[in-house]
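Single-letter residue listing:
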Amino acid sequence: MAFVVSSGELATTGAGVLPAYAPMTLRAAPWEYEMIWRTQPQVRTVIGFIARNIAQLGVHVFRRTSDTDRERLTDHPLAQVLAEPLPRMTQYRFIERMVSDRALYDNYYGIKLKLNGRLRILSVPPTLIRPYGGNWIAPEYFETAGGRQFGVDEVIHIHGYSPNDLTYGESPIEAIRDLILESAEASKARAQMWKGGSRITGVLVRPADAPDWGPKDKARFREMWRSFSQGGGAEGGTPILEDGMDYKAVGFNPEQAQYIEARKLTREEVAAMWYIPPPLIGILDHATYSNIKEQHAHLYQDTLGPWTVDLQQEFAVQILPDLPDNKDVYCEFNVEAKMRGDFESQAAAASTATGGPWMTRNEIRARNNLPRVDGGDELIVPLNVTQGGLASPRDTAPKADALPEARARQVSAKAGQASQTTPDDELREEFVTALKNLTEDEFARLAASEPSDAAAIRAWWESDRGVRQARFLKVIADYMTRFGTVGARRVLEEFNPDEDGWSADVMEPWLLAAALHHVELHDAAGEETTATAVQDVPEDGDIAAALVVAGGVWAAAALTRSQTAATEALSFGGHDAAEASGLGFKIWHTTSTDPRSQHLAINGAKVSLDATFANGLRWPGDSTGDADETANCRCTLDYAKED
């Protein structure tokens, strides 16, 4: 392919490319993109979702000092301009506008300003600025709506792909404009049907041979009928039809409108255009707890990941060169904060990474954007592994006969009733530790028997099941009783200080039965985990090593089991006290910063005390629900006497 070069500038290449031409960036006639954003809730929801989730991540600036180390820069000019692009403008608002413009127009424009010797960035709505002149590779300059011209190096222009040239991006709305237009017109048509047709509830039919009515008869009957149907004071009564009249219902059929279905379809199409999983924007038809978690990870990996990488590289290319001291400087969105697991998972992973012989402390600190420390380049090998001949530091667990002692309940002045003074979080931590330690003890018993295969493991499990479950029951039942008492006391202190009608003796048998259910589930989980871990180990394989992995998994499951049992006991205790106190209603509340979607959907929902919530549960942690609804749940209930 030949190039035509004029005055040292590339003008054209191939047929159909015109020199000195840059298309207008706004191509949504007859609808402007901004009008679509203002009037179409699906578009606004999706764009707002993307912009808010990226804006809240935060941008960190680093200097790479080596292949394994980097330094966080908080006072570098790039960090300063991103933190405050204009006086009194936050980083959140700056990134939100940038992403919103990119999502809506596929173009973002920012004018570089020098204020008091410091670089500032003025974001300009794409409707007020456009590239002008030049060629299909780069514009000659940028022109604002007021006729002001800015050089290419004075404007930050971040854009997407266009099949026509390299100077602007094509909005995704171009591909779904007809769908959005159809949805808007259909919405107008449905509104007219509701306005006109939905008010017709029925007609009165008089027989053809009925005697004629005079004006007074018609007026009398009309007034009588209005008294029953239009606020005449007789609503709910029984009208008397005359002369063989018949009432025929002529109702408006809401199914024909298909209003919800149409809105849902449009929202799904719009979400697909920006690659967003439908459950994350409120379409929960096929959502479960497990796939919501996977889609949350998918959001920051596949949906928002390309956005953040694009912006990071654009900052490096279009902003960093204008700043001093920019060697080896770069920025990153803090996506890691969203992708990490809960605190316990992070702590376990960090402990394994820094306490085992495969990563140094400085390597793990570099991954977490922390500076190096002296002596952090040496591997830490636990002494009990190298000197005691053990396979793992966990082999030094307490002896199997040493069962954990649960803190005894304190008995109040009222005989037979208990009060708990330990705060919830401390009691939960205590429960986790007790159950985890006992789980490790039981696994140590299994490991000491040196099973040779899965069959031997199942035989061991069966031989000691009753005694083992009794040990688990001692711990779980004790803590569930304590949590149940805490939940009951909260309700009693607010609504029934004299505890009339309530007794711990009535509540505790139910908690004991619930504890036994948790014991059976936890015991079965350990049996299945250990048997599965060794079933694929070859005959000459290391069964002991496979068992160590299984033991760690079972110990980790103790966390989930204790949290789930604690929530169930707290909820039941409060519910039992509410019932004894004559309360009529319960209200569901989420407490997590990242709750299940099905729990978030009922946050604040109020139902009668004997009813179930929309997710089918009577209370948070209800054992009648499946694990997707109850595992690790930390939701709570409030109560009310009247609706």
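Each remark here, short or long, concerns the structure printed above.
Predicted model only: the values in this text are computed from it and were never measured.

Thresholds, definitions, all that
- Residues numbered from 1 in each chain as written.
- Predicted model: local features only at pLDDT ≥ 70, side-chain atom pairs only at ≥ 80, totals over all residues.
- Heavy atoms only, no water.
- Helix = DSSP H or I, 4+ residues; strand = E, 2+ residues; numbered from the N terminus.
- Buried < 20%, exposed > 50% of the residue type's maximum accessible area, 1.4 Å probe, protein only.
- Contact = heavy atoms within 4.5 Å.
- Areas by Shrake-Rupley, 256 points an atom, 1.4 Å probe, with all protein chains shown as cover.
- Patch = residues over 30% accessible without salt bridge, like charges linked within 9 Å, V, L, I, M, F, W, Y side chains within 5 Å.
- Salt bridge = Lys/Arg side-chain N within 4 Å of Asp/Glu carboxyl O.
- Core = buried A, V, L, I, M, F, W, Y, C linked by side-chain atoms within 4.5 Å.
- Axes fitted to C-alpha atoms, helices over the stretch in contact; angles between N-to-C directions.
- Parallel < 35°, antiparallel > 145°, perpendicular 65-115°, else oblique.
- Left-handed = near helix turned anticlockwise from the far one by under 90°.
- Nonpolar A, V, L, I, M, F, W, Y, C, P; charged D, E, K, R; others polar.
- Pairing = 2+ DSSP bridges.

**Student:** Can you explain the overall build of the protein? Please cite residues and give values.
**Tutor:** Of regular secondary structure, the protein possesses 21 helices and 18 strands. Among the 643 residues that make up the protein, the fraction classed as buried is 41%. Here the contacts in the protein between residues at least 6 apart in sequence split such that 69% fall between residues at least 24 apart. Accessible surface for the protein amounts to roughly 34,400 Å². Of this, 53% is attributable to carbon and sulfur atoms.

**Student:** Mind laying out a nonpolar patch on the surface, listing which residues take part and the relevant values?
**Tutor:** Residues Leu204, Leu241 and Tyr247 make up a contiguous nonpolar surface patch of about 220 Å² in total accessible area. Residue placement: Tyr247 occurs in strand E12 (residues 246-249). In this structure Tyr247 comes out as partly exposed when scored by relative accessible area, which is 37%.

**Student:** So what's going on with the nonpolar core? Which residues, and what values?
**Tutor:** Counting residues in each nonpolar core, the largest one holds 55 residues, and the members touching the most others are Phe431 and Tyr639. Among the secondary structure elements, those contributing two or more residues to this core are helix H15 (424-448), helix H16 (454-463), helix H17 (465-495), helix H18 (504-535), helix H19 (543-580) and strand E18 (636-640). Beyond its immediate sequence surroundings of up to four residues, Phe431 is in contact with Val475, Ile476, Tyr479, Phe483, Ser562, Ala565 and Ala566. Counting 53 residues, the second largest nonpolar core, distinct from the first, contains Phe49, Ile121, Trp307 and Phe315.

**Student:** How would you sum up the packing of H16 against H18? Please name residues and give values.
**Tutor:** Viewed as axis vectors pointing N to C, H16 and H18 meet at an angle of 160°, and their least axial separation amounts to 8 Å. Judged on the interaxial angle alone, H18 and H16 are roughly antiparallel. In this structure, the crossing between H16 and H18 has a hand that is right-handed. Of the residues in H18, those in contact with Ala454, Ile457, Arg458, Trp461 and Glu462 of H16 are Asp523, Gly526, Glu527, Glu528, Thr530, Ala531, Val534 and Gln535. Tallied by class, the residues present in the contact of H16 with H18 amount to five nonpolar, three polar and five charged.

**Student:** Tell me about the sheet that holds strand E16 (residues 585-589), and please be specific about residues and values.
**Tutor:** Overall, antiparallel pairing links the three strands, which are arranged E17-E16-E18 in an open sheet. The two strands at the open ends of the sheet, each matched to only one other strand, are strand E17 (606-608) and E18. The average undirected angle you get between the axes of adjacent strands in this sheet is 30°. The pairing of E16 with E18 spans five bridges and is classified as antiparallel. Its bridge partner being in E18, Ile587 is matched across the sheet by Asp638.

These figures come from the coordinates and say nothing about function on their own.
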